[in-house]
Amino acid sequence: MASRGGFTNRIGFIAAAAGSAVGLGNIWRFPYEAGENGGAAFLIIYLICMVLIGFPIMVGEIAIGRATKLNAYGAYSKLGGKWWALIGIWGILSAVMFLSVYNVIAGWAFAYFIQFVNGSLMKVTDFGSHFGTQISDVTDLFFYSLGFMVITGIIVARGIKKGIESAAKILMPSLFVLLIGLILYSFTLENAMDGVRYYLIPDFSAITFKTVYSALGQAFFSLSLGMAALVTYGSYISKRENIISAAGLVVGTDTMVAFLAGLLIFPLVFSQGVSPTQGPGLVFVVLPGIFTSMGSVTGTLVGGAFFLLLCFAALTSTISLLEIPVTFLVDEKGYSRKKIVIAFSVIVFLIGIPSMLSQGAVDGLTNFLYYEGQSKAVLDFIFDVFSDTGLPLGGFLMSVFIATKWKLHNFNEELAIGNPGYLGSMLNKFLNFSISFFAPLFLGIMFITTVLDKFFGIQLF
Ligand code: PHE
């Protein structure tokens, strides 16, 4: 299958996979999850979830992809037959649905970036109501989400090496530069250290069972797990590379960026004396207010840089999401990559329209379903199904697949490639223990409790 292409080397893969992992999850979601769940206490539990479950699942996904050199569906079908291939189908379906919503939120970030650059946000005084107006403004949303989808599509159409890898190699370092620059600036603000203290001194009394599963859910979202994104990227790595060290670097980079995003956002929030427990509006409501209060030049620069950072982070993730269905059809049907990219970009964009209209524009979509004691918009519903519930399900099924069908010895052999001394090592034992016992146990419990809690109002813990 020479025509499939692939990453140039380890660095290419790591840049792309870290790009997939680093996204809205790190900069938009992680700080508000940490803010709502006890700051550093959440961070500690999050790190434990990353190491004990996130890392092994990531290694598992990459190994399945690399062992078969096939797309999500093809990989499971080759190793497990047609029933197990349903895991791959679920991954592809989730990727399409998840991307349709993710792209809408990326569109908000894009809109804020442009509006900081052209100065229009500097005139806003009430960001709460501005955000409400912005996310229900159909013309604007249409334009920005479409723009984001088109940029994603152009990069994916150029292929793994020339498109995805090259883009990640530019976007990821730029993201780091922006992030570090912004952190240094935020440290100079008044009361910045109160924010750092809130973030880094753990409040263990805030920990409940819910903290644990919020942290595990966040780890899955942030590492791009449970959706076969890494099966897909893994299928493009060469047989010479060491999967475990590559996965370790991806997990490390992702954790580092989430940690740094907190180090940026809490000082900003405390410098203005606002509460860190603002939920999803933290980045779109609280921060712009802070940026504009810095005066027009500084505000434009800092605000523009922040939303550019958010766009870069989101873009490397939308690219990886679009690649999942694209690789599937390139492998299975042999259609031209460009045509598939165009078709899927259109499909994903169309599927995203109800979510786009569910933020106040159309009432029936805004108050779409009632559960968890509140009415939920289409956008929330899709995230609840395909992210909060679907990702742990995907991780659970994958680990059960490795342990019972593909078998640990095959998994271990794949990991031993390029990794002398791996077989029989402590790491080998740990990964086998996690994949065959710990991860499926926790993910299974998490899946069931989330379904019962979210959709049936039954709380087991
Ligand atoms: N990891 C991405 C983020 O943190 C989201 C994502 C999930 C991307 C699953 C691909 C697959 O924003």
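Residues numbered from 1 in each chain as written. Predicted model: local features only at pLDDT ≥ 70, side-chain atom pairs only at ≥ 80, totals over all residues. Heavy atoms only, no water.

**Student:** Just to check I follow, could you spell out the overall build of the protein for this structure?
**Tutor:** Along its length, the protein carries 19 helices and two strands. Against the globule reference of 23 Å for 461 residues, the protein gives a C-alpha radius of gyration of 21 Å, in line with a compact fold. Considered along the principal axes of its C-alpha atoms, the protein spans approximately 60 × 50 × 45 Å. In the protein, which comprises 461 residues, the proportion classed as buried is 60%. Once local pairs closer than 6 in sequence are excluded, the contacts in the protein between residues at least 24 apart make up 80%. A total of about 17100 Å² of accessible surface is found on the protein, and carbon and sulfur atoms cover 68% of it. Side chains of the protein give 25 positive and 23 negative charges; the mean places of these two sets differ by 16 Å. (Helix = DSSP H or I, 4+ residues; strand = E, 2+ residues; numbered from the N terminus. Rg over C-alpha atoms; globule rule 2.2 N^0.38 Å. Buried < 20%, exposed > 50% of the residue type's maximum accessible area, 1.4 Å probe, protein only. Contact = heavy atoms within 4.5 Å. Areas by Shrake-Rupley, 256 points an atom, 1.4 Å probe, with all protein chains shown as cover. Lys, Arg positive; Asp, Glu negative; His and termini not counted. Charge placed at Lys NZ, Arg CZ, Asp CG, Glu CD.)

**Student:** Just checking my understanding: could you explain the nonpolar core for this structure?
**Tutor:** Ranked by internal contacts, the top residues of the largest apolar core, which has 161 residues, are Phe13, Phe284, Phe306, Phe307 and Leu310. Counting residues per element, this core draws most heavily on helix α5 (residues 85-117), which supplies 19 residues. Filtering out sequence-adjacent residues up to four positions away, Phe284 remains in contact with Trp28, Ile105, Trp108, Ala109, Tyr112, Phe131, Phe307 and Leu310. (Core = buried A, V, L, I, M, F, W, Y, C linked by side-chain atoms within 4.5 Å.)

**Student:** What is the right way to look at the site of the ligand in this model?
**Tutor:** Around the ligand there are 15 residues in total, and Ala21, Gly25, Tyr102, Phe221 and Ser224 lie nearest to it. With respect to the ligand, the side chain of Tyr102 contributes an N or O atom lying 2.5 Å from an oxygen atom. Phe221 places a main-chain nitrogen or oxygen 2.8 Å from a nitrogen atom of the ligand. Bound to the protein, the ligand loses 100% of the 330 Å² it would expose on its own. Among the secondary structure elements, those contributing two or more residues to the shell around the ligand are α1 (10-21), α2 (24-36), α5, α10 (209-223) and α14 (296-333). For the shell around the ligand, the residue count by class is seven nonpolar, eight polar and no charged. (Near = heavy atom within 4 Å. Polar contact = N/O pair within 3.5 Å; in protein donor to acceptor, adjacent residues only side chain to side chain. Nonpolar A, V, L, I, M, F, W, Y, C, P; charged D, E, K, R; others polar.)

**Student:** Sorry, what's going on with α5 here?
**Tutor:** Residues that lie three or four places apart on an α-helix share one face, since the helix turns once every 3.6 residues. Taking 1.5 Å as the rise per residue, α5 with 33 residues should run 48 Å; its terminal C-alpha atoms sit 47 Å apart, in good agreement. Of the residues trailing α5, Gly119 is marked for its positive phi of about 85°. (Expected span 1.5 Å × (residues − 1).)

**Student:** Help me understand a nonpolar patch on the surface in this model?
**Tutor:** Together, Phe209, Phe433, Phe437, Leu441, Phe442, Ile445, Ile448, Phe456, Ile458, Leu460 and Phe461 make up an exposed nonpolar region whose accessible area comes to about 1100 Å². The dominant element in the nonpolar patch, judged by the number of residues it contributes, is helix α19 (residues 426-456), at seven residues. Relative to the helices and strands, Phe433 resides in helix α19. (Patch = residues over 30% accessible without salt bridge, like charges linked within 9 Å, V, L, I, M, F, W, Y side chains within 5 Å. Salt bridge = Lys/Arg side-chain N within 4 Å of Asp/Glu carboxyl O.)

**Student:** Mind showing me how you'd approach the pattern of salt bridges here?
**Tutor:** Pairing is possible between side chains of opposite charge, provided their charged atoms come close. Here the structure, examined in full by the defined rule, presents 13 salt bridges. The residue Arg29 makes a salt bridge to Glu33 at a minimum N-O spacing of 3.8 Å. Remark: Glu33 and Arg29 occur in helix α2; sequence separation between them is four residues, near one turn of the helix. A salt bridge links Arg66 to Glu414; its shortest N-O distance comes to 2.5 Å. On the criterion of sequence distance, the pair formed by Arg66 in helix α3 (residues 40-68) and Glu414 in helix α18 (residues 408-416) is long-range, its members being 348 residues apart. Overlapping salt bridges, with partners in common, bring together Arg29, Glu33, Glu372, Lys376, Asp384, Asp388 and Lys454 in one network.

**Student:** What should I look at first to understand the environment of Glu241 in this one?
**Tutor:** Note on placement: Glu241 falls in the loop between α11 (229-234) and α12 (243-271). When the C-alpha positions of Glu241 and Ala416 are compared, they lie 9.9 Å apart, and in sequence the two are 175 residues distant. If near-sequence neighbours (up to four positions away) are discounted, Glu241 is found in contact with Asn9, Arg10, Arg66 and Ile417. A distance of 3.4 Å separates the side chain of Glu241 from the backbone nitrogen of Arg10, its partner in a polar contact.

**Student:** For this particular structure, what's the right way to read the packing of aromatic side chains?
**Tutor:** If you walk through the whole model with that rule in mind, you get 43 aromatic pairs. With 5.9 Å between their ring centres and 70° between their planes, Phe116 and Phe291 make a pair best called edge-to-face. Taken together, the positions of Phe116 in helix α5 and Phe291 in helix α13 (residues 282-292) put the pair 175 residues apart, joining distant regions of the chain. Side by side, Phe116 and Phe291 carry an identical accessibility label, which is buried. Each residue in the set Trp108, Tyr112, Phe116, Phe131, Phe284, Phe291, Phe306 and Phe307 is aromatic and connected to the rest through ring pairs, giving one cluster. In this structure, Arg4 packs its charged tip against the face of Tyr236, placed 4.4 Å from the ring centre. When the ring centre of Phe221 is taken as origin, the NZ or CZ atom of Arg29, which lies over that ring, is 4.4 Å away. (Phe/Tyr/Trp six-rings, centres within 6.5 Å; stacked < 30°, edge-to-face > 60°. Lys NZ or Arg CZ within 6 Å of the ring centre and 35° of its normal.)

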